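Each chain, written out:
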Amino acid sequence: MRVLIVEDELYLAEAIRTGLRLQAIAADIAGDGDTALELLSTNVYDIAVLDRDIPGPSGDEIARRIVASGSGMPILMLTAADRLDDKASGFELGADDYLTKPFEFRELVLRLRALDRRRAHARPPVREIAGLRLDAFRREVYRDGRYVALTRKQFAVLEVLVAAEGGIVSAEALLERAWDGNADPFTNAVRITVSGLRKRLGAPWLIATVPGVGYRIDTAPGSGREGGDCG
């Protein structure tokens, strides 16, 4: 999951981003409306967390633009305004959820995961492919009934690959979906993470490398096709 945090209180925004990263959720920060619009035009996000009172185009205007784009991106309003009228106006703008400051970080994470499940309502919360069982809500992975302990980043990468249902996912796409805007586009983090993930899942190798193209879940693991442990 990749989230855009639109918040002009820098310390709060940084704290949220740091906390989300610990939950394997990539996050970018926009401290004003203009930056938010620029990021929305260049990146793909699963959810937008909007403070309504920000410099430049307001959070309300950002919400209007998101709704008008037809992307269906869920919006979580994050604001100090807790009056019912304020909440009602936010929902009328297209907000999907509302969280008032101060808030418990754990509640924010739970709401984000709920919005993500709702966004992909056709996608079951527990996904299975090639003997692999991934529970996105509990952050648990099993292979052939065996629990597999993964790092946060390994889980995030696996979640993207499983969602592709055997389709090829490029290294660039993995970098975009499992990391955030601070990721170095020339980093070898994707290759290293995939290699570590492949080893954690064990043999026969479940993640196939398609040379020069990307990675995919091999629905016939052990066939030896399209690369093995070449990263």
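None of the values given here were measured: they were computed from a predicted structure.

**Q** Kindly report on the environment of tyrosine 142, identifying the contributing residues and their values.
**A** Relative to the helices and strands, tyrosine 142 is located in strand 8 (residues 140-143). Linking tyrosine 142 and leucine 201, residues 59 residues apart in sequence, is a C-alpha distance of 8.7 Å. Contact partners of tyrosine 142, with chain neighbours within four places excluded, come to Gly131, Leu132, Arg133 and Tyr147.

**Q** Any details on the nonpolar core? Residues and values, ideally.
**A** Membership of the largest hydrophobic core comes to 26 residues, with the highest contact counts inside it found for Leu158, Leu174 and Leu201. Sorting the residues of this core by element identifies strand 7 (132-135), helix 6 (152-163), helix 7 (171-178), helix 8 (189-201) and strand 11 (214-217) as the ones contributing at least two each. Ranked by the residues each element gives to this core, the list is headed by helix 6, at seven residues. Ignoring any residue separated from it by four or fewer positions in sequence, one finds leucine 201 in contact with Leu132, Val141, Arg143, Arg146, Val148, Leu158, Leu206 and Ile207. The next biggest cluster of nonpolar side chains, apart from the first, holds 20 residues, and it includes Leu50, Met73, Leu93 and Tyr98.

**Q** Go over the packing of helix 6 against helix 7 with me, naming the residues and quoting the values.
**A** Interaxial distance between helix 6 and helix 7 falls to 10 Å at its minimum, and their mutual angle equals 120°. By the angle class used here, helix 6 and helix 7 are oblique. Of the two possible hands of crossing, helix 6 and helix 7 adopt the one that is right-handed. Where helix 6 abuts helix 7, its residues Lys153, Ala156, Val157, Val160 and Leu161 lie against Leu174, Arg177 and Ala178. Grouping the constituent residues of the contact of helix 6 with helix 7 by class yields six nonpolar, no polar and two charged.

**Q** Please provide a residue-by-residue account of unusual backbone geometry, values included.
**A** In this structure, the amide linkage connecting lysine 101 to the following residue, proline 102, adopts the cis form with an omega of -10°. Along the chain, alanine 203 connects to proline 204 via a cis peptide bond; the corresponding omega equals -5°. Assignment of secondary structure puts proline 204 in the loop between helix 8 and strand 10 (207-210).

**Q** Describe in detail the packing of aromatic side chains, supporting the description with residues and values.
**A** Counted under the stated rule, the structure contains one aromatic pair. Plain terms: the ring middles of tyrosine 142 and tyrosine 147 are 5.5 Å apart, the flat faces sit at 65° to each other, and that makes the pair edge-to-face. By relative accessible area, tyrosine 147 is classed as partly exposed at 46%.

How each quantity is defined
Residues numbered from 1 in each chain as written. Predicted model: local features only at pLDDT ≥ 70, side-chain atom pairs only at ≥ 80, totals over all residues. Heavy atoms only, no water. Helix = DSSP H or I, 4+ residues; strand = E, 2+ residues; numbered from the N terminus. Contact = heavy atoms within 4.5 Å. Core = buried A, V, L, I, M, F, W, Y, C linked by side-chain atoms within 4.5 Å. Buried < 20%, exposed > 50% of the residue type's maximum accessible area, 1.4 Å probe, protein only. Axes fitted to C-alpha atoms, helices over the stretch in contact; angles between N-to-C directions. Parallel < 35°, antiparallel > 145°, perpendicular 65-115°, else oblique. Left-handed = near helix turned anticlockwise from the far one by under 90°. Nonpolar A, V, L, I, M, F, W, Y, C, P; charged D, E, K, R; others polar. Phe/Tyr/Trp six-rings, centres within 6.5 Å; stacked < 30°, edge-to-face > 60°.

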